[in-house]
Amino acid sequence: MMRKLANIVLLLAAVSLCYGLQVSKPHYGDLIGPIPARGDLGDTVVGRSFEVRAEKVEFARKLKVDRFGDSKVLTTGGIWAVVTVEFAARAQSTTVAVASWRGATGLTYDHTERLSFADGLLPVAIDPGLPKKARLIFELRPDEVSDATLLISEKLMSALDSQAEISLGPVAIGPDGLPPGTVGMLDMAEPI
């Protein structure tokens, strides 16, 4: 009887150990996912092949863009977030092609494709010794601006490669539900 009880206890211990290993092991996506290089707004974040520094964040209700000499006003259901960044290549020429805005709730907003015709937007080709400024533009819900993280990488599938993660810090929301300093119209023709 004692032997049966010992076998049952040993079996339960083995089952609980196997279950613990199953739930605590990292997922495959975590093992081959991007390698984060973290920093804050204003810091230079160094990745494997590029460096990036987010200089400022501006919010607007509308964007004014020029296309082939014709002005166009773009609106959105939320607000526009325009992040001015400076890229620099490290050892060889490269192209930075992907940027996302991850809000405090975990929702991720990709760089807008509605302005693909404008200059100074992604993708940005950079060469060593020649830093280049660019704008990253996102369409967001106003409640996703505070404690957000900017995610920047060379390509969409950045497995086992570096990804810049820039913390943008807290942003107060005004009584109108918008961040303070939100402008009615931001002219994208202005120099970066």
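Our subject is the structure listed above.
Bear in mind the structure is a predicted one, so any value in this text is a computation, not a measurement. (Residues numbered from 1 in each chain as written. Predicted model: local features only at pLDDT ≥ 70, side-chain atom pairs only at ≥ 80, totals over all residues. Heavy atoms only, no water.)

A few words on the sheet that holds strand β7 (residues 108-110). Paired through their backbone hydrogen bonds, the strands of a sheet run either parallel or antiparallel. Strand order in this open sheet of five strands is β1-β11-β10-β6-β7, and the pairing throughout is mixed. One side of each edge strand has no neighbouring strand; the edge strands of this open sheet are β1 (35-40) and β7. Across the sheet, the axes of successive neighbouring strands diverge by a mean angle of 25°, strand direction being ignored. Summarising the sheet, strand β6 (residues 98-102) and strand β10 (residues 148-153) pair through five bridges and their orientation is antiparallel. (Pairing = 2+ DSSP bridges. Helix = DSSP H or I, 4+ residues; strand = E, 2+ residues; numbered from the N terminus. Axes fitted to C-alpha atoms, helices over the stretch in contact; angles between N-to-C directions.)

Should the charged atoms of two oppositely charged side chains come close, the side chains can pair. According to the stated counting rule, one finds 12 salt bridges in the structure shown. Linking Arg48 and Asp161 is a salt bridge whose minimum nitrogen-to-oxygen distance equals 2.8 Å. In this pair, Arg48 sits in the loop between β2 (44-46) and β3 (50-67) while Asp161 sits in the loop between β10 and β11 (162-169), placing the two residues 113 residues apart along the sequence. A salt bridge links Arg114 to Glu139, with the shortest nitrogen-to-oxygen separation between them at 2.9 Å. In this pair, Arg114 is assigned in the loop between β7 and β8 (124-126) and Glu139 in strand β9 (residues 132-140), connecting sequence segments 25 residues apart. When its relative accessible area of 23% is taken as the criterion, Glu139 is described as partly exposed. By sharing partners, the salt bridges in this structure join Arg48, Glu154, Lys155 and Asp161 into a single network. (Salt bridge = Lys/Arg side-chain N within 4 Å of Asp/Glu carboxyl O. Buried < 20%, exposed > 50% of the residue type's maximum accessible area, 1.4 Å probe, protein only.)

This part takes up the packing of aromatic side chains. Throughout the structure, instances matching the rule amount to three aromatic pairs. For the pair Phe59 and Trp101, a centre-to-centre distance of 6.4 Å together with 75° between the ring planes defines the contact as edge-to-face. Of the two residues, Phe59 is situated in strand β3 and Trp101 in strand β6; the sequence distance between them amounts to 42 residues. Look at Phe59 and you get buried, because its relative accessible area is 8%. Each member of the aromatic cluster is reached from another via a ring pair, and the members are Phe59, Trp101 and Phe138. (Phe/Tyr/Trp six-rings, centres within 6.5 Å; stacked < 30°, edge-to-face > 60°.)

This part covers the side chain of Thr76. Here Thr76 shows up in strand β4 (residues 70-89). For Thr76, the side chain forms a polar contact with the side chain of Glu139, separated by 2.8 Å. Sequence-distant contacts of Thr76, that is, excluding residues within four places in its chain, are made with Arg61, Arg114 and Glu139. (Polar contact = N/O pair within 3.5 Å; in protein donor to acceptor, adjacent residues only side chain to side chain. Contact = heavy atoms within 4.5 Å.)

Note: α-helices contain 3.6 residues per turn, so residues at a spacing of three or four share the same orientation. When the terminal C-alpha atoms of helix α1 (residues 2-24) are compared, their 33 Å separation across 23 residues agrees well with the 33 Å that a helix rising 1.5 Å per residue should span. Among the 23 residues of α1, zero are classified as buried, and the element is accordingly described as predominantly exposed. (Expected span 1.5 Å × (residues − 1).)

A large share of β11 lies buried, amounting to seven of its eight residues. Two strands pair when backbone bridges link them, and β10 and β11 are joined in this way by five bridges, in the antiparallel orientation. Bridge pairing in β11 links Ala148 to Gly169.

Right, let's get into the environment of Asp187. Mapped onto the elements of the fold, Asp187 is located in strand β12 (residues 183-187). Polar contacts involving the side chain of Asp187 include one to the main-chain amide nitrogen of Ala189, which spans 3.0 Å.

Once that is clear, we can look at the side chain of Glu154. Looking at the element boundaries, Glu154 is found in the loop between β10 and β11. A relative accessible area of 15% places Glu154 in the buried class. Of note is the side chain of Glu154, whose polar atom sits 3.3 Å from the side chain of Arg48. At a separation of 2.4 Å, a polar atom in the side chain of Glu154 contacts the side chain of Ser49. Look past the residues within four positions of Glu154 in its chain and what remains in contact with it is Arg48, Ser49, Phe50, Thr94, Thr95, Val96, Ala97, Val98 and Asp161.

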